[in-house]
Amino acid sequence: MTQKPKTSPIYLFIAIAPLFLSATVGAQVGATLKHNSATSKHSATLEETITKENINNLSKFEHSNNQVIQASLAVKLLKQGDQINFQGRTIEVPWSQWQGEDNQTRIGISDTAAEQILGIELLSSNNPGLQPVAWFSEPTAAPLTLNTQHSGAYRYLDITTLAARAGWQLEIKGNTLIINGQQRKIEDISIDSSPWAEEVTVYLDGITSWQISQGKKEGIVTLDAMADASLLESFTQTHDSTRLTASGEGEEGDTEEGEGEEINTPLAVRVVERPLFVLESAREGKQTRIKFPLSEGIGLAVGTLPNNRLIIQRKAKTLRTRDIVWQPGINWHQQYITIDIEKNTSETLQEVEEITFPVFWLEIDRNSPNLAMKPIVSQSGAEGIAPLITTARNHEAAIAINGGFFNRNNKLPLGAVRQEGVWQSGPILNRGAIAWNQSGEIKFDRLRLEETITTATGETFPIQHLNSGYIKAGISRYTPAWGASYTTTIDNEIIVEVRNNLIVDKFTAETADSQSFAIPAEGYLLVLRSYQSAADKLELGTILDLETRTIPADFIRYPNIIGAGPLLIQNSNIVLNAEAEKFTKAFQQQAAVRSAIAITDRNTLIIAAVHHRPGGRGPTLKELALVMEKMGATDALNLDGGSSTSLYLGGQLINRSPFTAARVHNGIGWFLK
């Protein structure tokens, strides 16, 4: 390991906050980089901050689809598959082979996979048929522009030229695209530090691919290159020392979100000093992992330079602006967004604090005739969770975001899920929901579902919940949408079987999880919990009349609904009231990574992932509402967040590593027609 001076401060980053992505507007790449080069040694800001006016102007331009010029080459599709074998390891990645009008055979892989698997940086572009990229290239020169082809849920990036440049051989066997090349080697590593970042330069003997994954406490950059034993040994050492530190600093483990108190009293403590990173050999020496310790709000930014150099920075602000017209009506963005928070400094004085958050979002034209918006669930029936990336791929969605809440232990939904007029799960606790139809109508509001059953003698009983994992005393109803059967959840449940509005059977289950009861295809089950008076009236042979209504009443006319909450914005006003939606006090106060969905006065729909502020935690609910308002939302809803926050495009998550994303019960998908 040598301490080499930096040969060039000019480079592009795939910015990570907490992961992936960066861009500069294609025509402005040179100017932007020159500006960053001139200021990088004197400023910690290699990012851009967005304003509401900028978003509006950006959207007006990008949604003028008549101005978007598609690639004009006529192509003939030859083959497609859904996995690649890259340097001996098999990865689920869609690929396509086609022949252009020049009779040249081209091969492409999904663009998001090209970035996340190969390390090819996608730059900003207003043409969905052409994609400028950066990959071990000179940042001050015009970027290499590659053709793309849309097919199904994917946009394929033509990698033929880049593969030849890297010395890779491409071969197709059945469903698999095989990519092989020379085994690359790390020749050296240098380290440089500045007040705002720690920088590592990796010197390679040739162009190679790389991947990045970031969690809460560690970021890992994996290179398809080997490192010799002496280099590995240089970055595996630790030593003990004693230093002054704030109470709690350096301790393992975190307090629960929204809990704990920061104490700044210096203490003399024994700590283990670790190097900036450690090297590990992987895959029998064919790969090298560079592992960086991270803390909350600190991430990695990774980019490449000519002469086979990989640059890694560890710092607070890592996100770079990205604006890509992925397809007409689908715009892919990421940018820092700054909001103003008023804080009381005394009984009479207020102070305005600026807070900045990295935001990843997709903006979708609500009038696009080529898109259909649908709820997606991880499994058929109520029970089951899966990574959103898996659910989206299984449903063949082009775009997706995680949806409502669920019980992670029993894997059952906790909120509204309505698909094509069928309640997969009913709403709970008058929480916020989004409803829509295929005519482009969308409604945001708090939602209740009220059902009653009435006997032939006029006795009426309320039904508390429909197909819900939310357990409460009273009557719950379970239909075939729940699954083939219902398994008891608490002791002493009474099960009433109803077929064609007639009670045909009745059971008592003394122990939770002890029995399962088939749900009739032509009826439903009533499950009575601590409601003996109703059980006495619901005898065999009783005819029941079922009535259902929603509040607000017009929700019932929307065939598709996802419930989450709390409602953030309605009719251009912030209406946040988590207490009214019966969220816990801890949930109301916590700061966490969050997902949201919104509509704008630009006639677009936004799905967004808002991550940790630089050097700190994610947004509170109030801060999220202000972020969405800044983005132009007229109506907005908070979705399930934290580790569930997942934003999907073209086969990959675009806001975080899939290894850090939790399994979720449901989501919302967009499908290309």
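None of the values given here were measured: they were computed from a predicted structure. Position numbers for residues start from 1 in each chain and track the written sequence from start to end. This being a predicted model, a pLDDT of at least 70 is required before a residue's local features are given, and a value of 80 or more before pairs of side-chain atoms are given or counted; all residues contribute to the totals for chains, interfaces and linings. Side-chain metrics rest on all non-hydrogen atoms present in the structure, leaving aside hydrogens and water.

Caption draft 1: Structural context of the nonpolar core. Among buried residues, the Ala, Val, Leu, Ile, Met, Phe, Trp, Tyr and Cys ones that are joined through side-chain atoms within 4.5 Å form a nonpolar core. In this scheme, a residue with accessible area under 20% of its type's maximum is buried, one over 50% is exposed, and one in between is partly exposed, where area comes from a 1.4 Å probe on protein chains only. Core analysis: the biggest nonpolar cluster contains 110 residues, and V202, I312, I434, I597, I607 and W670 have the highest contact counts within it. Any two residues whose heavy atoms approach within 4.5 Å are treated as being in contact. Every residue in contact with W670, bar those within four places of it in the chain, is listed here: I364, L371, A372, M373, A397, A398, I399, A400, I401, I597, L605 and I607. Among the nonpolar cores identified, the runner-up in size contains 22 residues, and I337, I355, I569 and I606 belong to it.

Caption draft 2: Quick look at the packing of aromatic side chains. The pairing test for Phe, Tyr and Trp rings, Trp by its six-membered ring, is centres within 6.5 Å, and the orientation test on the planes gives stacked under 30 degrees, edge-to-face over 60, and tilted for anything in between. One pass over the full model with this rule turns up 14 aromatic pairs. Between the aromatic rings of F86 and W168, the centroid separation amounts to 5.3 Å while the plane-to-plane angle is 85°, which identifies the pairing as edge-to-face. Of this pair, F86 sits in strand β4 (residues 83-86) while W168 sits in the loop between α4 (160-166) and β12 (169-173), and the two are 82 residues apart along the sequence. On the basis of relative accessible area, F86 is assigned to the buried category, the value being 0%. Residue classification places W168 among the buried positions, given a relative accessible area of 10%. Members of the aromatic cluster, joined through ring pairs, are F86, W135, F136 and W168. Ring-over charges, as used throughout, are those where CZ of Arg or NZ of Lys falls within 6 Å of the ring centre and within 35 degrees of the ring normal. Sitting over the ring of W332, R322 keeps its end group 4.7 Å from the ring centre. Against the face of F583 rests R431, its NZ or CZ located 3.8 Å from the ring centre. Working definition: helices are DSSP H or I runs of at least four residues, strands are E runs of at least two. Numbering for both runs from the N terminus.

Caption draft 3: The arrangement of helix α9 (residues 621-630) in detail. A large share of α9 lies buried, amounting to 7 of its 10 residues. Just past α9, the residue G632 takes up positive phi, approximately 95°.

Caption draft 4: Summary view of the sheet that holds strand β7 (residues 105-110). Strands were regarded as paired on the criterion that DSSP finds at least two bridges between them. The strand order across the open sheet built from 7 strands is β3-β6-β7-β11-β10-β9-β8, with neighbouring strands paired in antiparallel fashion. The sheet terminates laterally at β3 (75-81) and β8 (121-122), the two strands that pair on one side only. Axis definition: a line fitted to C-alpha atoms, over the contacting stretch in the case of helices. Angles run 0 to 180 degrees between N-to-C directions. Against the sheet, helix α3 (residues 111-118) makes contact with β7, β8 and β11 (154-158), and its axis sits at roughly 75° relative to β7, the strand it touches most.

Caption draft 5: Structural context of unusual backbone geometry. The amide bond that connects I551 to the next residue, P552, takes the cis arrangement and shows omega of 0°. Mapped onto the elements, P552 comes out in the loop between β46 (544-551) and β47 (560-563). You will see that F136, though not glycine, has its phi angle at about 55°, which is positive. Secondary-structure assignment places F136 in the loop between β9 (130-134) and β10 (144-151). One non-glycine residue, E420, adopts positive backbone phi at about 50°. Note that E420 resides in the loop between β33 (417-419) and β34 (422-425). Exposure remark for E420: the relative accessible area of 53% places this residue in the exposed category.

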